[in-house]
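Listed below are the residues making up each chain.
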Amino acid sequence: MWFVNLLQWLHDTPFSITMRESVWAEPIVETIHVLTLTLFIGFAFLLDLRLLGVCLRRRPVSQVLHKLNPFLFVGFTIMVVTGVLLFSGDPPSFYSTIFFKIKMVFLVLAGLNVLVFNATIGRKVAQWDMAPETPRAAKVAAVISIVLWVAIVAAGRAIAYDLPPPS
Amino acid sequence: MWLRTLVFHFCQWCNNSSWGHGVRDSVWLFPFVEIFHLLALGVLGGTILLLNLRLVGFGFRDEPLPELTREVRPWMLGSLAVMFVSGFLLFSTEAVKMYGNIGFRYKMFFLFFALVYTFTIHRKLTTSDETRVSPVWRWLAAFVSLALWAGVGLGGRSIGYV
């Protein structure tokens, strides 16, 4: 299998070895990954709650999107960079756990959810910017987002319990 | 010292409690509670970040700060409650061990001051017209808030390593 070979090759790169054997690298990167949850999950939920109409209700949706987007972008970037670094420490082990695969699938779905939102109801945000009740489609997108991110956090936590013991 | 004895007995009591046993003896309950702790961390940290960013003039500037505070406060307090309950359950599974864990001690130290600060000075600042306070003080106030909460987070992260 070319993919397993690729992971094995990654595993044997000097970078991966350093990541794995350094005393500090993994705890530091993992700490950044976990604490950036505040920036990314916190702000993503605030946005979803606005779409549901239960938080920041007095702000136009477009403004909440506009203000939170830069932070979400920074948060997501940090999450991806630190996540890739953690993965690079031992790619075959990560790939061996089902929770890692679940997390990756859900991440793709969360991305699709954003794309669909932006292409449909999100594009017409001007029409319901201050509506007392947000449209059903926006609420559905928000619920899907919350469910997916909860699942992604849960799967991420489960990975650590399911990794094979270091050899 | 009587306080030390009291705290130690409290830890023993938690350790031997039904919920301490329950979470400890279950295979999936500990990770399950942990996930709630992590998700509430996201929301709590998110609301605190948002208020501090607004305090120093980033984002939602055209809305008075007290209004923003009023809107996000229920979520902040709600997630704080989830943090407490889930944290207490996690603590109870190995409370006696936590008593001697230096990371946990740091976490509680920072938590105490973070809570006191959040519900006094920080609360006062975020529920009144912040423009009456000079930017220097606002930056300092936001920095202290983030530093105290970062202490709680880093202390928590270190528990498993020390």
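Cut-offs applied
Residues numbered from 1 in each chain as written. Chains lettered and ligands numbered in written order. Predicted model: local features only at pLDDT ≥ 70, side-chain atom pairs only at ≥ 80, totals over all residues. Helix = DSSP H or I, 4+ residues; strand = E, 2+ residues; numbered from the N terminus. Buried ≥ 20, exposed ≤ 12 C-beta atoms within 10 Å, placed from the backbone. Contact = placed C-beta atoms within 7 Å. Nonpolar A, V, L, I, M, F, W, Y, C, P; charged D, E, K, R; others polar. Axes fitted to C-alpha atoms, helices over the stretch in contact; angles between N-to-C directions. Parallel < 35°, antiparallel > 145°, perpendicular 65-115°, else oblique. Left-handed = near helix turned anticlockwise from the far one by under 90°. Expected span 1.5 Å × (residues − 1).

(A) Structural view of the overall build of chain A. When you go through chain A residue by residue, the secondary structure sums to eight helices and zero strands. The order of α-helices and β-strands along chain A, N terminus first, is α-α-α-α-α-α-α-α. Across its three principal directions, the C-alpha atoms of chain A cover 55 × 30 × 25 Å. Looking at chain A as a whole, 32% of its 167 residues qualify as buried. For chain A, long-range pairs separated by at least 24 residues make up 80% of all intrachain contacts whose partners lie at least 6 apart in sequence.

(B) Looking closely at the overall build of chain B. Broken down by element type, chain B carries eight helices and zero strands. Going from the N terminus to the C terminus, chain B shows its helices and strands as α-α-α-α-α-α-α-α. Each principal axis of the C-alpha distribution contributes one length, and for chain B these read about 50 × 35 × 25 Å. A fraction of 82% describes how many contacts in chain B between residues 6 or more apart in sequence connect residues 24 or more apart.

(C) The interface of chain A and chain B, seen in detail. With 24 residues of chain A in contact, the opposing surface of chain B contributes 24 residues. Elements with a minimum of two residues in the side of chain A that touches chain B: α3 (25-52) and α8 (136-162) of chain A. At 12 residues, α3 of chain A tops the list of elements feeding residues into the side of chain A that touches chain B. Residues that form the side of chain A that touches chain B fall into these classes: 16 nonpolar, three polar and five charged.

(D) A look at the packing of helix α3 (residues 29-55) of chain B against helix α4 (residues 65-93) of chain B. Residue and element names in this part refer to chain B. Put simply, α3 and α4 touch, their axes get as near as 8 Å, and they point 150 degrees apart. If you check the angle between α3 and α4, you find them roughly antiparallel. Crossing handedness for the pair α3 and α4: left-handed. The residue inventory of the contact of α3 with α4, partitioned by class, reads 21 nonpolar, seven polar and two charged.

(E) Spatial organisation of helix α4 (residues 61-89) of chain A. Residue and element names in this part refer to chain A. Here α4 is 29 residues long and its end C-alpha atoms lie 40 Å apart, about the 42 Å a rise of 1.5 Å per residue gives. Turning to α4, its buried residues are V61, V64, K67, L68, F71, G75, M79, L86 and G89. Buried residues along α4 sit in contact with α2 (14-21), α3 and α7 (125-128).

(F) Just the environment of F99 of chain A, in detail. All names here are of chain A. For F99, the location among the structural elements is in helix α6 (residues 98-119). On the basis of neighbour counts, which here come to 18 C-beta atoms within 10 Å, the residue F99 falls in the partly exposed class. In sequence terms F99 and Y161 are 62 residues apart; their C-alpha atoms lie 9.6 Å from each other.

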